[in-house]
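Each chain, letter by letter, is given below.
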Amino acid sequence: MARTDETGQADAQAPESHTEPNPQPGAGARMPRWLPRSMVLALLLVGVFQLGSWAFHQLLGLLINILIAFFLALAIEPAVSRMAARGMRRGLAAFLVFLGLVVATSGFVTLLGSVLAEQVIKIAEDLPAYLDSVINWVNAHFNTDLKRVDVQEGLLRSAWLREYVENSATGVLDVSAQVLGGLFELLTITLFSFYFAADGPRLRRAICSVLPPAKQAEVLRAWEIAVAKTGGYIHSRGLMALVSGVAHYIMLESLGVPYAPVLAMWVGLVSQFIPTIGTYLAGALPMLIAFTVDPWYALWVLIFVVVYQQFENYLLQPKLTARTVDIHPAVAFGSVVAGTALLGAVGALIAIPAVATLQAFLGAYVKRYDVTDDPRVEGHRIRGSGGGLAGRLRRLPGQKAGEPAMADATDSPS
């Protein structure tokens, strides 16, 4: 009986043990310790990226000005170094170079401005005579009875003239702000380029101080190449400006256009040192002044500018730039297009010296081999090789490339 009681008690206790609830999976699981830290780190990285992107866009104008100043300092580096080698202080040498540039630029702009103002006054004084000649031509060819007084009153009372005057009056502040902004950018570029030119050795020493000796030699070599290529680019632009100025001077002098030397200097400098739109700015002023002499002269000036521009783009500029900067004409043209797409007019101006510097610097790391005397290098085909399309078609279906080709039907005995 005792055993039955024990078994009964055991049986009574067994179901109780089976009826206990099983723990649900994941009820006691905790979040990994690394997950909050990873989320915070990801948020910090996103915040830093957004902050850096915002700062880069805000400082993009300043960075572009510094880049222009750096290439300007590279352009005047040979003159400053030559004067410093003769015992002059480097800061004084840089100041004298910049002073000469400022004096030359100011004198040219002043002379050009006086010429332009005089011609504008002349155009305004001769405008009634031009208007009379146009009205007489219209009346003679179209059987009309127009009068200058009626035309002038119609122009003065027109709606578009009233809107133009109102828009010009409201846009005076915008133009003034743009002029002040341009002067501030010019001052920024001048100051940075002066510091780069005057403290060139100190700047190179500061850069090399954070690099190992092997890297220091590479940086100094790249700096030297950049100075040489930028100087070559300025030299090529100067030569093209000289050729352009002489050509346009001969044309303007032959037409009897006044102030031909000044206009020729304007065309040569503006067309070469202002990229993209320099050609159009350079040709507009001679056309305007030629119009004051004879309206047909303006048309001849336009034709000459267009023809000379094609000659310069396709013949003179590629050969001269490739010789002085030592890059292929196609590479020079492609670099200008790429620089314009990236940085606009600034990229077009500095694209060629930058690409020439990069090409010369990387050329030391590219291993070159002697080219074989294969005629195919020059574009000539090897006769009898059977390597062409006709030779492959004449092969038998199971014939290998090294086996002799099947004889032509004309070579078989009759």
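Not measured: the values here are computed from a predicted model. (Residues numbered from 1 in each chain as written. Predicted model: local features only at pLDDT ≥ 70, side-chain atom pairs only at ≥ 80, totals over all residues. Heavy atoms only, no water.)

**Examining the packing of aromatic side chains**
Part 1: Per the stated rule, a full pass over the model turns up 9 aromatic pairs.
Part 2: With centroids separated by 6.0 Å and ring planes inclined at 80°, the aromatic side chains of F70 and F196 adopt a geometry described as edge-to-face. Of the two residues, F70 sits in helix α3 (residues 60-85) while F196 sits in helix α7 (residues 172-198), which places them 126 residues apart along the sequence.
Part 3: Residue classification places F70 among the partly exposed residues on the basis of a relative accessible area of 25%.
Part 4: Look at F304 and Y308: their rings are 6.4 Å apart centre to centre, the planes differ by 15°, and that puts the pair in the stacked class. (Phe/Tyr/Trp six-rings, centres within 6.5 Å; stacked < 30°, edge-to-face > 60°. Helix = DSSP H or I, 4+ residues; strand = E, 2+ residues; numbered from the N terminus. Buried < 20%, exposed > 50% of the residue type's maximum accessible area, 1.4 Å probe, protein only.)

**Brief notes about the environment of F196**
Part 1: What makes F196 buried here is its relative accessible area of 18%.
Part 2: Contact partners of F196, with chain neighbours within four places excluded, come to I66, A69, F70, A73 and L203. (Contact = heavy atoms within 4.5 Å.)

**Quick word on α3**
Part 1: Spanning 26 residues, α3 covers 36 Å between terminal C-alpha atoms, matching the ideal 38 Å at 1.5 Å per step.
Part 2: At I76, α3 shows its maximal bend, which comes to roughly 45°, and the proline P78 appears one to four places after that position.
Part 3: Inspection of α3 places I64, N65, A69, F71, A73, L74, I76, E77 and V80 among the buried residues, and these make up the whole buried set.
Part 4: Where α3 ends, the next residue or the one after it, G87, has phi of about 105°, a positive value. (Expected span 1.5 Å × (residues − 1). Bend = angle between axes of the 7 residues up to and from the residue.)

**As for helix α9 (residues 213-255)**
Part 1: Across its 43 residues, α9 extends 63 Å between first and last C-alpha, which sits within 8% of the 63 Å expected from 1.5 Å per residue.
Part 2: G256 sits one or two positions beyond α9 and adopts a positive phi of about 80°.

**Brief notes about the confidence of the model for the protein chain**
Part 1: Across the protein chain, the average pLDDT comes to 77, with 78% of residues at or above 70.
Part 2: Within the protein chain, the element-level pLDDT minimum falls on helix α1 (residues 2-18), averaging 50, and the maximum on helix α2 (residues 34-58), averaging 91.
Part 3: Taken together, the stretch residues 405-414 has pLDDT below 50 and engages in 5 contacts with residues farther than four places along the chain or on a different chain. (pLDDT = per-residue confidence, 0-100.)

**Describing the nonpolar core**
Part 1: By size, the foremost hydrophobic cluster in this structure holds 19 residues, and its most contacted members are L252, V257, W266 and V301.
Part 2: Elements supplying a minimum of two residues to this core: α4 (90-142), α9, α10 (260-273), α11 (278-293) and α12 (295-325).
Part 3: Looking at which element gives the most residues to this core, the answer is α10, with 6 residues.
Part 4: Apart from the residues lying within four places of it in its own chain, the contact partners of V257 are L252, L263, I289, A290 and V293. (Core = buried A, V, L, I, M, F, W, Y, C linked by side-chain atoms within 4.5 Å.)

**Observations regarding the side chain of S244**
Part 1: Mapped onto the secondary structure, S244 falls in helix α9.
Part 2: Judged by relative accessible area, S244 falls into the buried class, the value being 1%.
Part 3: If near-sequence neighbours (up to four positions away) are discounted, S244 is found in contact with V267, G268, S271, Q272, Y308 and E312.

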